[in-house]
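# Per-entry structural report
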Amino acid sequence: MATPAAPKCPAPMKATSNGVFQGDDPLDYALPLAIVQICLVLVLTRVLAYLLRPLRQPRVVAEIIGGILLGPSALGRSEKYLHTIFPPKSLTVLDTLANFGLIFFLFLVGLELDPKSLRRTGKNALCIALAGISFPFALGIGTSFALRATISQGVNQGPFLVFMGVALSITAFPVLARILAELKLLTTDVGRMAMSAAAVNDVAAWILLALAIALSGNGSSPLISLWVLLCGSGFVLLCIFIGPPIFKWMARRCTEGEPVDEIYVCATLAAVLAAGFVTDTIGIHALFGAFVLGVLVPKEGPFAGALVEKVEDLVSGLFLPLYFVSSGLKTNVATIQGAQSWGLLVLVIFTSCFGKIVGTIVVSLLCKMPIQEALTLGFLMNTKGLVELIVLNIGRDRGVLNDQTFAIMVLMALFTTFITTPIVISIYKPAKLAVTEYKHRTIERKDTSKQVRMLTCFYSTRNIPTLINLIEVSRGTAKKEGLRVYAMHLMELSERSSAILMVHKVKRNGLPFWNKGEVSDSNQVVVAFETFEHLSKVSIRPTTAISPMNSMHEDIITSAESKRVAMIILPFHKHQRLDGHFDTTRTDLRHVNRRVLQQAPCSVGILVDRGLGGASHVSASNVDFTITILFFGGHDDREALAYGVRMAEHPGITLAVVRFVVDPEVAGGSVKLDMNQNSSPETQPQDEVVISGLKQRISKDGSIKYEERTVKDAAETFEEIKSYNRCNLYLVGRMPEGQVVASLNKKSECPELGPIGNLLISPEFSTTASILVVQQYRSQLSQVALSSLEEGESSDGNVSN
């Protein structure tokens, strides 16, 4: 009788092929097959992320679903597909790439976790975090007995209990950060509490996971697990003593504003790999070494930011999705069969949600939080994500979780993360201030002695010198409470998988609460404004807003309402080149400006920056600016005039008001017909009252000059305006009214600046003066003002300078 042939092992894959013309199939070789796998993963996950965007789901949900779809649960049901695209012999390469990306991602997570913030965690947040860990951990242990009695028979009890407890008690800190940022809850008490509690939870979860891995070793003696724990603890202590001095030395040698030396980045990344090798050798996992080094890197200065920029896009955009596919290939939903298996899935989901949500809510209520906020916090703390998958994959690789248990746990992580955003949106709506409390929505007002509040916005440090000098000349009299400014740094919430570094920037800039003056930091934005506040008579509060660009205007409008400001000042979406022409900084910035103009609860100014006062702050005693107001008439021009008169109270300001009136010879012609379409009947009397008051003020104040210019047509108006190009700042209305401006009111490239603003930035007009284009608040903007913005939206971005 013939002996059965021994099964043949598949030949190892070569790296590259000779090409199809040499008769090679590229999918039989490691590199081209890996390229196909990566491209397939990226396309599928990005499409799913786009489809889930209306539901405001974090990208991790799309990546988990994509991994499951590519695995045996969906597409993998086709044996031909599975053996062509994900053959068994390629999985080692795929897992290696995925874990390689995971090591650097965990380094980033550690890099973005600030130990100092943990030490400052309040008692309430600490109690909530401990309850959010202990209660679900206990329920996880209870659930593990049910699983061991049914679908997980024969597994090692100790490690299984700990893995189940950790899996049910984890809160995904990176995913939670993104959800809070996208729901605009970072500025709320709930957001602050959730981030603080999740940070504590994250650290506790990693400690418990290290314990679970040590216990799940293959050694028969319990002494081996003890050795693993002791060696792991020794490694951490060694890193704590050796790492920080070296990293601090590197950080000190990195100057703000200068590129970080490549040798420091290279040395740090090599250290991450070395630390991963050491912890893998000990028997914990390579990712622990990377995480520990990330925690020890100093968070201040440009060094940490440079590391994030160098690593994050490649890791989170390219390698990390492979980890989800690697998990998806191990997840087979078909293994969940029969009433018993589905009942266990429901049990796991219920215990996970119940333990986390109820434990958090009970302690939150004991800490005297409102019921609505406690409920919201419970669902936020129930967020799972990548960290959950890491725990599950380690458990499966160690033989603690079988295929069916693994599939149940992955579906539980997906479900709990998916429900977080919709439920939080439905149950938590932060209270808004009553409209009756918001009286002063414009600079123009009867009682000019009242405090003026302004919200100034900027995207980059380039705008700060001009912004500070504008605030200086806006302060009016020397009274400390005469002007209060909220300086908002607008930062885009990118598609990167982690938003935690941005959250740290928010905290350093005064959020989740507006900076009360006690937060001092090396951050140059904060330092610039704190220095200015100490030197001037202005009360100033720096802050940061983080949003996707398509909803950035909502943050600006909400902040303006909550602070009851009289004017929002926005940066123009173009910057001036050395030759005087303007280049578009980013097209989506103009969309932000237009939406704010359409929906603002107060007056709005758009600042065209040509370097007001140069590249540094001009002290109050050295201010010597000439400000020119081009007055044609109408609401916006009157607001610009009111703002200019306030500026004229500053001892270093000379204000020139130039009023343009139509020549009596041409009044009544075609220009007058245009006027009837572009101005309201009450405009003329109101303009005359304002000008009359200005003339009375001039008799007492020599710093204000008033002139009238009679013009016949657009060309003459343009020539007259050119004669006033020797000034530091123009103040103009966005939609001036009257007979003169009617001839100028034509379609323009930048309708948010209006006809006069466009004229002042045109190549034909030579000046070095900055421009502030003002729109006065009205409960309902005129149809002309609204239609100009809507036309601009539809024909956006086609004109280049």
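Rules of the game
- Residues numbered from 1 in each chain as written.
- Predicted model: local features only at pLDDT ≥ 70, side-chain atom pairs only at ≥ 80, totals over all residues.
- Heavy atoms only, no water.
- Helix = DSSP H or I, 4+ residues; strand = E, 2+ residues; numbered from the N terminus.
- Buried < 20%, exposed > 50% of the residue type's maximum accessible area, 1.4 Å probe, protein only.
- Contact = heavy atoms within 4.5 Å.
- Areas by Shrake-Rupley, 256 points an atom, 1.4 Å probe, with all protein chains shown as cover.
- Axes fitted to C-alpha atoms, helices over the stretch in contact; angles between N-to-C directions.
- Parallel < 35°, antiparallel > 145°, perpendicular 65-115°, else oblique.
- Left-handed = near helix turned anticlockwise from the far one by under 90°.
- Nonpolar A, V, L, I, M, F, W, Y, C, P; charged D, E, K, R; others polar.
- Salt bridge = Lys/Arg side-chain N within 4 Å of Asp/Glu carboxyl O.
- Phe/Tyr/Trp six-rings, centres within 6.5 Å; stacked < 30°, edge-to-face > 60°.
- Lys NZ or Arg CZ within 6 Å of the ring centre and 35° of its normal.
- Lys, Arg positive; Asp, Glu negative; His and termini not counted.
- Polar contact = N/O pair within 3.5 Å; in protein donor to acceptor, adjacent residues only side chain to side chain.
- Pairing = 2+ DSSP bridges.
- Disulfide = S-S within 2.5 Å.
- pLDDT = per-residue confidence, 0-100.
- Core = buried A, V, L, I, M, F, W, Y, C linked by side-chain atoms within 4.5 Å.

### Examining the overall build of the protein
Broken down by element type, the protein carries 29 helices and twelve strands. The 801 residues of the protein split such that 56% are buried. Within the protein, contacts between residues separated by at least 24 positions form 81% of all contacts whose residues are at least 6 apart in sequence. When the accessible area of the protein is evaluated, it comes to approximately 34300 Å², of which 60% is carbon and sulfur surface.

### Here's the deal with the packing of helix 1 (residues 30-52) against helix 2 (residues 59-70)
Direction vectors running N to C along helix 1 and helix 2 enclose 130°, while the axes themselves pass 8 Å from each other. In terms of their interaxial angle, helix 1 and helix 2 are classed as oblique. Handedness of the crossing formed by helix 1 with helix 2: right-handed. Of the residues in helix 2, those touching helix 1 at L40, V41, L44, T45, R46, L48, A49 and L52 are R59, V61, A62, E63, I65, G66, L69 and L70. Residues belonging to the contact of helix 1 with helix 2 are distributed by class as follows: eleven nonpolar, two polar and three charged.

### Here's the deal with unusual backbone geometry
For R56, which is not glycine, the phi torsion reads 55° and is therefore positive. You can see R56 is positioned in the loop between helix 1 and helix 2. The phi dihedral of R564 falls on the positive side, at around 50°, and the residue is not glycine. Residue placement: R564 occurs in the loop between helix 21 (552-563) and strand 4 (567-571). Among the residues examined, R564 registers a relative accessible area of 27% and is labelled partly exposed.

### Some remarks on the pattern of salt bridges
Side-chain pairs of opposite charge can arise where the charged atoms are in close proximity. Summed over the entire model, instances satisfying the criterion amount to twelve salt bridges. Across the pair E752 and R594 runs a salt bridge, and its minimum N-O distance is 3.1 Å. Taken together, the positions of E752 in the loop between helix 27 (739-742) and helix 28 (754-760) and R594 in helix 22 (residues 587-599) put the pair 158 residues apart, joining distant regions of the chain. As a salt-bridge pair, E707 and R709 come within 2.8 Å of each other at their nearest N and O atoms. Since its relative accessible area comes to 29%, E707 is described here as partly exposed. The exposure class of R709 is partly exposed, given its relative accessible area of 26%. Salt bridges sharing partners connect three or more residues here, namely R590, R594 and E752.

### Some words on the packing of aromatic side chains
Taken as a whole and assessed by the stated rule, the structure comprises nine aromatic pairs. Centre to centre, the rings of W249 and Y264 are 5.9 Å apart; their planes meet at 85°, and the pair counts as edge-to-face. Here W249, found in helix 10 (residues 222-252), pairs with Y264, found in helix 11 (residues 262-282); they are 15 residues apart in sequence, far enough to count as distant. Taken together, a centroid distance of 5.4 Å and an interplanar angle of 20° make the contact between F350 and F354 stacked. Pair noted here: F350 and F354 are both in helix 14 (residues 338-366), with a separation of four residues, about one helical turn. By relative accessible area, F350 is classed as exposed at 51%. Grouped by ring-pair contacts, the aromatic residues F100, F104 and F319 constitute a single cluster. R396 extends its terminal NZ or CZ atom over the ring of F406, reaching a point 5.7 Å from the ring centre.

### Let's talk about the side chain of K356
Tracing the backbone through its elements, the reader meets K356 in helix 14. For K356, which is buried and forms no salt bridge, the nearest opposite charge comes from E388, at a distance of 8.7 Å. Engagement of the side chain of K356 in a polar contact is seen with the backbone oxygen of G132, the distance being 2.7 Å. Polar side-chain contacts of K356 include one of 2.4 Å to the backbone oxygen of S169. Beyond its immediate sequence surroundings of up to four residues, K356 is in contact with G132, I133, P136, L168, S169, I170, T171, N201, M381 and N382.

### Regarding the sheet that holds strand 8 (residues 625-631)
One open sheet holds the ten strands; their spatial order is 3-2-1-4-7-12-11-8-9-10, and the pairing between them is mixed. The open sheet has two free edges, formed respectively by strand 3 (539-547) and strand 10 (704-711), since each of these has just one partner strand. Looking at each pair of strands side by side, their axes are set apart by 20° on average, direction ignored. Inspection of the sheet shows strand 8 paired to strand 11 (residues 729-733) by three bridges, in the parallel sense. Of the residues in strand 11, the one forming a bridge with I629 is L731. The strands touched by helix 18 (residues 464-474) within the sheet are strand 1 (452-458), strand 2 (483-492), strand 3, strand 4, strand 7 (603-608), strand 8, strand 9 (653-662) and strand 11, with strand 1 carrying the most contacts at an inclination of about 170°.

### What about the pairing of strand 11?
Taken across its five residues, strand 11 has five buried, putting it largely inside the fold. Here strand 11 pairs with strand 12 (residues 770-775) via five bridges, running parallel. Following the sheet pairing, L731 is matched in strand 12 by L772.

### A word on the state of the cysteines
For the coordinates displayed, the defined rule picks out zero disulfides. C127 takes part in no disulfide bond, and the closest cysteine sulfur to it belongs to C367, at a distance of 5.3 Å.

### Points about the confidence of the model for the protein
Averaged over all residues, the pLDDT of the protein is 80; the fraction at 70 or higher stands at 84%. Here residues 508-522 is modelled with pLDDT under 50, and outside its nearest four sequence neighbours on either side it reaches 46 contacts, counting other chains as well. Of the regions scoring below 50 in pLDDT, residues 797-801 engages in six contacts with residues more than four places distant in sequence or in other chains.

### Quick notes on the nonpolar core
In this structure, F86, W206, F303 and I390 are the most contacted members of the largest nonpolar core, which totals 144 residues. Sorting elements by how many residues they give to this core places helix 9 (residues 189-215) first, with 15 residues. Listed in part, the 52 residues of the second largest apolar core include F582, C602, V608 and I756.

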